[in-house]
Amino acid sequence: MYPKTEAELAEMVAGLDEPVRITGGGTRGVAGPDMAIQTSGLTGITQYEPGALTLVAKAGTPIGEIEAALDAEGQQLAFEPMDHRGLLGTSGTPTIGGVVAANISGPRRVQAGACRDFLLGVRYVDGMGQVVKNGGRVMKNVTGYDLVKLMAGSWGTLGVLTEVSLKVLPKPEVAATMSVQAHDVTTAIAALSAALKSPFEVSGAAYDPDMGCALLRLEGFASSVTYRSDQLKSLLSVFGEVAELEHPGTLWADLRDAAGFHEQSGDVWRISVKPSDAPDIVARIRADRTLFDWGGGLIWALVPVGTNLRAQLGAFDGHANIVRAGSETLAELGRFQPNAPGIAALTKGIRQRFDPHGLFNPGLME
């Protein structure tokens, strides 16, 4: 099903008698029922006020179209959403609705926040075919703020997004990338943590073991970035040799998209933990390759096909989700970390209120 308007979508949902898969541009690898509702026909920027730092767009609007409009005004989506196509081998065009539904957030999350933190308002169709509007179109309007946040990261299980309102931010004047030599996880995480705890406004903090260094990004006005770079060099020298990369190129985009795992055989997992726990977590999983973002709070792990990483980890404070795996592994293990019984019951109750007939992406988050 391919609705072109919100009204068409509402009519389609109201007439459903079997579950459906909700998809935007088809780039995030969501599996499910054969019957699908594709929202890429709901497209277009409906309101953009650069002076107010707000943008409103229909859910099927391509991310590229939004970024082009923002770039023309020297602005950006500060949460720099990941592009999953290279990692998952998918085609199609990423949409803003898919980004919001999955709460996709990149390296700048350590400073600016996640996608949900920039979400001001939503319009969506619930499981009964009703059009619901919540939140606003300006930063000062926080009506229904908790419900707006609830839709971010719900993966289409609570409703089909039709329009989103977002806060945007100015693009920085300059950016600098610093490297700290670190040949082990413990040293790298210690360096990243020291930088993030400093007053020098780090906007990216990652560690690539293959590069053998911790990576830090500073953004802002040129004079400020120069000053903060000098201060960080002094602060971090105790961990190893500190240098500024002259030509970082696409480094941060590659980190954002886990480019080192593209076209590599194996399953890919995404583990969220406290940064201080990262060294112990990595020691448990015996991954073929790892990549650390968010100061060590996000671990990408490439493991042999069919690996049950949750069994290897055992009990830990965090969650491990599958990003890329075969259908058999996904069916056996589930894409997302199972919730504790209390949270699972609460989640089930919320879904029953939003989608009482269990129509949207059944089984995806169970």
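About the thresholds
Residues numbered from 1 in each chain as written. Predicted model: local features only at pLDDT ≥ 70, side-chain atom pairs only at ≥ 80, totals over all residues. Heavy atoms only, no water. Buried < 20%, exposed > 50% of the residue type's maximum accessible area, 1.4 Å probe, protein only. Helix = DSSP H or I, 4+ residues; strand = E, 2+ residues; numbered from the N terminus. Arc of directions from axis to C-beta. Contact = heavy atoms within 4.5 Å. Axes fitted to C-alpha atoms, helices over the stretch in contact; angles between N-to-C directions. Parallel < 35°, antiparallel > 145°, perpendicular 65-115°, else oblique. Left-handed = near helix turned anticlockwise from the far one by under 90°. Nonpolar A, V, L, I, M, F, W, Y, C, P; charged D, E, K, R; others polar. pLDDT = per-residue confidence, 0-100. Core = buried A, V, L, I, M, F, W, Y, C linked by side-chain atoms within 4.5 Å. Expected span 1.5 Å × (residues − 1).

Draft legend 1. Expanded view of helix α10 (residues 278-285). Listed in full, the buried residues belonging to α10 are Ala-278, Ile-281, Val-282 and Ile-285. End-on, the buried residues of α10 take up no more than an arc of 95 degrees, which puts them together on one face. Of the surrounding secondary structure, the elements contacted by the buried residues of α10 are α7 (185-197), β14 (267-273), β15 (289-293), β16 (298-303) and α11 (309-313). With its phi angle positive at about 50 degrees, Arg-286 sits one or two positions after the end of α10.

Draft legend 2. Just the packing of α7 against helix α8 (residues 222-236), in detail. Across the interface, α7 lies against α8 with an axial gap of 10 Å and an inter-helix angle of 135 degrees. What the angle tells us is that α7 and α8 run oblique. The element α7 and its partner α8 pack so that their crossing is right-handed. Listed contacts from α8 to Ala-191, Ala-194 and Ala-195 of α7 are Leu-232, Leu-235 and Leu-236. Here the contact of α7 with α8 is composed, by residue class, of six nonpolar, no polar and no charged.

Draft legend 3. Summary view of the confidence of the model for the protein. Chain-level statistics for the protein give a pLDDT mean of 93 and a share of 97% at 70 or above. Across residues 139-145 the pLDDT falls below 50, and counting only partners more than four positions away or on other chains, this stretch makes 13 contacts in the model.

Draft legend 4. Spotlight on the side chain of Thr-61. By the element assignment, Thr-61 lies in the loop between β4 (54-58) and α2 (63-72). We classify Thr-61 as buried; its relative accessible area is 0%. Setting aside residues no more than four positions away along its own chain, Thr-61 makes contact with Leu-42, Thr-43, Gly-44, Ile-45, Ile-66, Pro-94, Thr-95 and Ile-96.

Draft legend 5. Looking closely at the environment of Ala-190. Its place among the elements puts Ala-190 in helix α7. The spacing of Ala-190 and Ala-214 is 24 residues in sequence and 9.6 Å in space, taken between C-alpha atoms.

Draft legend 6. Quick peek at the nonpolar core. By size, the foremost hydrophobic cluster in this structure holds 51 residues, and its most contacted members are Leu-77, Ile-96, Leu-161 and Trp-300. If you tally residues by element for this core, the top one is helix α4 (residues 96-102), at five residues. Contact partners of Leu-161, with chain neighbours within four places excluded, come to Thr-39, Leu-42, Ala-59, Gly-97, Val-100, Ala-101, Val-122, Arg-123, Tyr-124 and Met-151. In terms of nonpolar packing, the next biggest core, distinct from the first, is built from 38 residues, Val-202, Val-225, Ala-301 and Ile-322 among them.

Draft legend 7. Layout of α7. Here α7 spans 18 Å end to end across 13 residues, near enough to the 18 Å set by a 1.5 Å rise per residue. When we look at burial in α7, the residues that qualify are Val-185, Ala-188, Ile-189, Ala-191, Leu-192 and Ala-195. Seen from one end, α7 has its buried residues packed into an arc of 160 degrees, which puts them on one side. In this structure, α7 carries Thr-186 and Lys-197 as exposed residues pointing more than 90 degrees from its buried face. Buried residues in α7 make contact with β10 (174-181), β11 (202-208), β12 (213-220), α8, α10 and β15.

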